[in-house]
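Close look at the chain arrangement
The lines below spell out each chain.
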Amino acid sequence: MKRIIKLSTALMIWVLAGCEGQSMLVESGVSASLALERAQRITALTYDLQLSVPEDAAKPLEGRVIMRFDLASIDAPLQIDFAQQAKDVLAVSAQQKPVIHEFSSEHIIVPKSSLRLGENEISVVFKAPQDSINRNPEYLFTLFVPDRARRAFPVLDQPDLKARYSLTLETPAAWVAMGNGAVLSNEVKDDRRVFRFAATDPLPSYLFSFVAGQFETVERGLRGRKMTIIHRETDSDKVTRNIDAIFEAHAQSLDWLENYSGIPYPFAKFGFALIPDFPYGGMEHVGAIQYRASSLLLEEAPSEKQLLNRAQLIAHETAHMWFGNLVTMRWFDDVWTKEVFANFMADKIVNPQFPDTDHALNFLISHYPQAYGVDRSEGANPIRQRLDNLNLAGQMYGPIIYHKAPIMMRQLELLLGEEAFREGLQSYLTRYAYANATWPALIEILDKKTDIDLASWSEVWVNTAGMPHFKLARNLQSDANEGPWVLKQLDPAGIAREWPQQFTLLSLDHNAETSLLAAGEVPLPTALQKNPQQTLLFNADGLGYGRFPADPKLFQAWESLTPLQRGVLLVISFENLITTPSGSVTDYFDTLQSILVSETNELLIELAANQLHYLYFSLLSDQERGQQMLGLEAKVWETMLAQDSRSMTKVYFELFTQIALSDSALAKVYAIWSGEQTVDQLSPQESERIRLAEILAVRLPDRADAIIARQRGETDNPDRLRRLDYISPALAKDPDIRDAFFESLKNPANRATEVWVSDALQRLNDPTRLEHAFAYLLPSLELLEEIQVTGDIFFPSAWLNGVLSTHRSLAAADVVRQFLQERPNYNPQLRMKILQAADPLFRASKIQGSKN
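Parameters at a glance
Residues numbered from 1 in each chain as written. Predicted model: local features only at pLDDT ≥ 70, side-chain atom pairs only at ≥ 80, totals over all residues. Heavy atoms only, no water. Helix = DSSP H or I, 4+ residues; strand = E, 2+ residues; numbered from the N terminus. Buried < 20%, exposed > 50% of the residue type's maximum accessible area, 1.4 Å probe, protein only. Contact = heavy atoms within 4.5 Å. Polar contact = N/O pair within 3.5 Å; in protein donor to acceptor, adjacent residues only side chain to side chain. Pairing = 2+ DSSP bridges. Axes fitted to C-alpha atoms, helices over the stretch in contact; angles between N-to-C directions. Parallel < 35°, antiparallel > 145°, perpendicular 65-115°, else oblique. Nonpolar A, V, L, I, M, F, W, Y, C, P; charged D, E, K, R; others polar. pLDDT = per-residue confidence, 0-100.

Considerations on unusual backbone geometry
In this model, V145 is joined to P146 through a cis peptide bond whose omega is -5 degrees. Topologically, P146 is positioned in the loop between β9 (139-141) and α3 (149-152). Although it is not a glycine, A496 sits at a positive phi angle of roughly 60 degrees. Residue position: A496 is located in the loop between β23 (482-490) and β24 (501-507). Assessed through its relative accessible area of 68%, A496 is described here as exposed.

Set out below in structure tokens:
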């Protein structure tokens, strides 16, 4: 039925356009062909947007947008994007004259008879539901990436039609507001407040933004820059602990980027909003960066990783001001370019802020496990993907562009040299400032700075999926005698690709590292020819990418390795364990336990803890877990008590709460949550106590109602209380209540705050509840297409991970396999997302099946 309707609406538009002498296909979303056609016709685009936000969140927004632009051709009607209904378009005028328009497939069609060559002015009066601007009871925020501006107002919603936006915003009188431009006036009349903002610098539509609501405002001046924060945190001590560091990290990031790029901060203002349960870590809106509040306002005694994550997040969003905002991708197939540069620059920016941190180790831990997690899966995708319509652009996002791409970019910098690479980026930013560019355009600039064929290099690294497998082998000599050891780079797809890359080998026999430029087949140096399987650590500098051999005996040299080398050994050993499960899961589990009780590097402890958690709940059999349970809990608890710093105590307590299953361990968690027991260096804050209450409610089901009731009474922050009330049914002992909650998620309105949904799915699918949660698998998969349409860019993956990540049975794996087999024409992007999210399940079920 949907296809028939779509064809009939396309025919309607063909008839309409045909009356003016030209046929025209109209399709939902923003197709690549439509975007190209408009980009060739339209220049000098501006918007004057007036919006009124009712006090009642159930009432629609009311607005008027005036678009002004120069038009190079009037050979065809103009399609204006508006992803609402025909009844929501109240009036259209062109050149200040009423227009008889058509509406079809999310587009307002302005006939070519109403257009003129040169200057045009089109006005649309409209209404839109407030869910298009993420309305909450006391605040709202817009999040228009990648193509969601068209849900809130009529717009030409594509990245290569940059425009200047002037906004007038009417809100309840008690609200404050922040936008891309500075506030020019702020007037109250009849219990309403009207904000008028200055025109923005040229922006793509996905970066236009505003935040409004009941927020506190903090302003600072640092090194000649004025910065503004708005937030809703009610814990004044938490704000005081964090606020200076937040401002300073932004200032340091701006200073570094100006120096590196040679370009002063390119926009008129700089501010940021800390939003409760924001869907992402952050979003780089010009002049009004949005952050998840908890990512910046840290609890007491944050771990080293939490501090690094905050600094990197701030650096990432600030780097976007140059990479993505000043120079923007022409189409969302290159969205990865802005993300890779933001991540790559963030790693560089943070280094001087944390002089005592092993940044090579942090890069390894931050990027490699997640990149490998996709590239090892059946759903592996290339860094650069084809995109035919912006309504699928959200599926371009994922671990490959955030984690594999920085690894690729580091290899590219190694090939060119740091200075040539920097000069190339400076040329790129200068040439395309306030405009749009493509990845091939950058490669063309960089290619002039090297003798290497970067286009061919990029073809494999950027345009194809997967990773090389490295293998030690002997080359047979002509007399059939064993020849020298060589390192072979193999293409798992069998199409003879090569990933040229640099990394080092560490010889434990000689205590020395040797550099290799690996492509195809490389002979080992003469000094390393003896027993290389047991004495060589591959990728010892953490620069290479692929699946490397690693002998378990290398762990015997743990104490002699540097922290980076230890991290490399953990990463490649884990990959080998789960991809070629010939090794013993219990042996590796024992190795991880030994590391956790003896290692002192916080980054390594968290890496080992993450691996141990997966082995414990997914790879060990129920019998093996039962045998390990009391010993593991005791080791983690005792190691926690032995710590002399608050941050390390919290790291071990976090792990303890995750693996606590026995009555005695849960009693310890309960005692700390309730205040009946205190531990030196440990004082859980409100958000941490809520997390403990959730764990306890799930794993002590007979006490769930009392635990949640008590936590509710002790929660002061209204936003955290709303979240707790939302998630409580997912914590209930009664399976009927949990089932009803899951059923409610089929209503898009109940999925509005996506972070809450992800948290609730995690509790519904707790490792202790998998037998009952099995029934959620198929309906969760059946909802995915709708979730892709209604949710934000990361939500389909978050939904899948929340549902699939803890399951380990063959039956669960069969549900996923059968779902895909029965749908051969399923959306290819969503098929990839399912296969990526199901990879841990597939591997766990295979290992579990081998034990039965």
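Some points on the environment of N120
The residue N120 is located in strand β8 (residues 118-128) in this model. Residue class for N120 comes out buried when judged on its relative accessible area of 3%. Each residue touching N120, except ones within four places of it in the same chain, is listed here: M67, R68, F69, L71, Q95 and L115. In terms of polar contacts, N120 uses its side chain to reach the side chain of Q95, at 2.8 Å.

Describing the sheet that holds β9
The strands making up a sheet associate through hydrogen bonds between their backbones, and the pairing can be parallel or antiparallel. Taken together, three strands build an open sheet; the order of strands is β9-β14-β11 and the sheet is antiparallel. Each edge of the open sheet is held by one strand with a lone partner, namely β9 and β11 (176-179). For this sheet, the mean inter-axis angle between neighbouring strands, taken without regard to orientation, is 5 degrees. Here β9 pairs with strand β14 (residues 210-213) via three bridges, running antiparallel. Looking at β14, one finds that L140 is bridged to A212.

A closer look at the packing of helix α20 (residues 686-699) against helix α21 (residues 704-713)
The interhelical angle for the contact between α20 and α21, taken along N-to-C directions, is 170 degrees, at an axis separation of 9 Å. In terms of orientation, α20 lies roughly antiparallel with respect to α21. Taken together, the residues of α21 that come into contact with α20 (itself represented by R689, I690, A693, L696 and A697) are A704, I707, I708 and Q711. Each residue belonging to the contact of α20 with α21 can be placed in one class, and the counts come to seven nonpolar, one polar and one charged.

Describing the confidence of the model for the protein
Scored by pLDDT, the protein has a mean of 94; 96% of the residues are at 70 or more. Long-range and interchain partners of residues 1-19, a stretch whose pLDDT sits below 50, account for 22 contacts in this model, where long-range means more than four residues apart.

Some thoughts on the pairing of strand β15 (residues 216-222)
Here seven bridges tie β15 to strand β16 (residues 225-231), and the two strands are oriented antiparallel to one another. Its bridge partner being in β16, G221 is matched across the sheet by K226. Turn length for the β15-β16 hairpin, with the two strands adjacent in sequence and antiparallel, is two residues, and the turn residue R223 shows positive phi of about 50 degrees.

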